[in-house]
Amino acid sequence: KERWEEAQEILLKALEWNPSSAHIIFELCETYKHFGQLEKYYETIIDAFKYCFTETDLARCYRYLGWYFVEKELYDEAICIYILSFQYEKNQSVQSELFYISQSTGKDIVKPEIDDIKKLAEKYNFPVGADEDLLGLVMYLGKESLKEEVIPAAKYYFGILYRLTEDDDVKEILERLEKG
C-alpha cells in the first residue's frame with residue numbers, strides 16, 4: 001500500500017512538471033484504480049483525452065474508460081467504448097473484455113451505431129475521436145511549418161493529424177509533401 005501512495009505522490013508531482021503527458025495520466029489512473037477511487041479515475045481519464053497525440057494513446061483512453069464502465073456495471077456503455085477503442089488499435093485486451101462482458105451478461109456483442117456512440121460521448125463528456133482542440137493545434141502547427149517551409153515539421157504534424165482523423169484532405173497534403 002505504501003508504495004502505491006508513494007507512486008501516486010510522484011505521479012502527481014510529475015504532472016505538475018508535465019501536465020500534458022497522457023502516459024503520466026495513465027499511470028496515475030492505475031493508482032486510482034488500485035485504491036478504488038473510481039470517480040477520480042473517471043475524471044482523470046476524461047482529462048487525458050486532451051493529450052492523446054497518437055492512435056495508441058486514444059485507444060488506451062477508451063480502454064480505460066471501458067474498464068470504468070465495466071466496474072460500474074454499465075455494460076452497454078463498455079461495449080460501445082471498447083469497440084471504439086478497437087478502431088484505433090487492435091488490442092487483444094479489448095477482445096478479452098468484450099468476451100468477459102458477453103459471458104457475464106449473456107448478451108451478444110453488437111457493434112453500436114455512430115449516433116449511439118455520439119450520445120454516449122455527450123452523456124459522459126468524452127470525445128469521439130481525438131480532442132478537437134488538439135486537432136486544431138496540430139493543424140495550426142502543420143500550416144505554420146508549411147508557411148515557414150520547415151517541411152520535416154510539417155510532415156510530422158500532418159502525419160499526426162492524418163493518423164488521428166484519416167482525413168482525405170490531410171492525406172493529400174502529406175502526399176504532396178512526400179513528393180517534394
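Here is what the cut-offs are and how they apply
- Residues numbered from 1 in each chain as written.
- Predicted model: local features only at pLDDT ≥ 70, side-chain atom pairs only at ≥ 80, totals over all residues.
- Heavy atoms only, no water.
- Helix = DSSP H or I, 4+ residues; strand = E, 2+ residues; numbered from the N terminus.
- Buried < 20%, exposed > 50% of the residue type's maximum accessible area, 1.4 Å probe, protein only.
- Core = buried A, V, L, I, M, F, W, Y, C linked by side-chain atoms within 4.5 Å.
- Contact = heavy atoms within 4.5 Å.
- Polar contact = N/O pair within 3.5 Å; in protein donor to acceptor, adjacent residues only side chain to side chain.
- Axes fitted to C-alpha atoms, helices over the stretch in contact; angles between N-to-C directions.
- Parallel < 35°, antiparallel > 145°, perpendicular 65-115°, else oblique.
- Nonpolar A, V, L, I, M, F, W, Y, C, P; charged D, E, K, R; others polar.
- 1 Å grid on protein atoms, 1.4 Å probe; cavity = no way out; pocket = protein on both sides within 12 Å on 5 of 7 lines; lining within 4 Å.
- Points joined across faces, edges and corners; volume = space filled by probe spheres on them.
- Salt bridge = Lys/Arg side-chain N within 4 Å of Asp/Glu carboxyl O.
- Patch = residues over 30% accessible without salt bridge, like charges linked within 9 Å, V, L, I, M, F, W, Y side chains within 5 Å.
- Areas by Shrake-Rupley, 256 points an atom, 1.4 Å probe, with all protein chains shown as cover.
- Lys, Arg positive; Asp, Glu negative; His and termini not counted.
- Charge placed at Lys NZ, Arg CZ, Asp CG, Glu CD.

(A) Layout of the overall build of the protein chain. Across its full length, the protein chain holds ten helices and zero strands. The buried share of the protein chain, taken over its 180 residues, is 42%.

(B) Spotlight on the nonpolar core. Judged by nonpolar contacts, the single largest core of 56 residues is most densely connected at I45, F49, L65, Y82, F126 and F158. The biggest single contributor to this core is helix α4 (residues 55–71), with nine residues. If we skip the residues at most four places from it in the chain, F158 touches M139, G142, K143, L146, V170, I173, L174 and L177.

(C) Structural view of unusual backbone geometry. Non-glycine residue E149 carries a positive phi angle of around 60°. The topology assignment puts E149 in the loop between α8 (132–147) and α9 (151–165). The phi angle at E166 is positive, at roughly 55°, despite the residue not being glycine. Within the secondary structure, E166 is located in the loop between α9 and α10 (168–179). By relative accessible area, E166 is classed as exposed at 58%.

(D) Looking closely at the side chain of D131. Topologically, D131 is positioned in the loop between α7 (114–124) and α8. Within the structure, D131 has its side chain in polar contact with the backbone nitrogen of L134 (distance 3.1 Å). Those residues within four positions of D131 in sequence are excluded, and the remaining contacts are F49 and K50.

(E) Up close: the packing of helix α2 (residues 22–34) against helix α3 (residues 38–48). Viewed as axis vectors pointing N to C, α2 and α3 meet at an angle of 170°, and their least axial separation amounts to 9 Å. In terms of orientation, α2 lies roughly antiparallel with respect to α3. Every residue of α3 that contacts α2 at I25, F26, L28, C29, Y32 and K33 is listed here: K40, Y41, T44, I45, D47 and A48. In terms of residue class, the contact of α2 with α3 is built from eight nonpolar, one polar and three charged.

(F) Expanded view of the layout of surface pockets. Approximately 280 Å³ is the volume found for the largest pocket. Along the walls of the largest pocket sit E55, Q87, Y88, V128, G129, A130, E132, L135, R163, L164, T165 and E166, which together make up its complete lining. Those elements that place two or more of their residues in the lining of the largest pocket are α5 (75–88), α8 and α9. Ranked by residue count, the leading element in the lining of the largest pocket is α9, at three residues. Split by residue class, the lining of the largest pocket holds five nonpolar, three polar and four charged.

(G) Representation of the pattern of salt bridges. Overall, the coordinates contain nine salt bridges when judged by the stated rule. Residue E27 pairs with R60 through a salt bridge whose shortest N-O separation is 3.5 Å. In this pair, E27 is assigned in helix α2 and R60 in helix α4, connecting sequence segments 33 residues apart. Here R63 makes a salt bridge to E89, at a shortest N to O gap of 2.8 Å. Taken together, the positions of R63 in helix α4 and E89 in the loop between α5 and α6 (92–105) put the pair 26 residues apart, joining distant regions of the chain. Using a relative accessible area of 15% as the deciding quantity, one classes R63 as buried. You can call E89 partly exposed: its relative accessible area is 21%.

(H) Looking closely at the environment of L15. Here L15 shows up in helix α1 (residues 2–17). Sequence-distant contacts of L15, defined by excluding residues within four places in its chain, comprise S21, I24, I25 and L28.

(I) Here's a closer look at a negative patch on the surface. A cluster of like negative charges, contributed by D167, D168, D169, E172 and E175, occupies part of the molecular surface. Its location among the elements puts E172 in helix α10. Judged by relative accessible area, E172 falls into the partly exposed class, the value being 42%.

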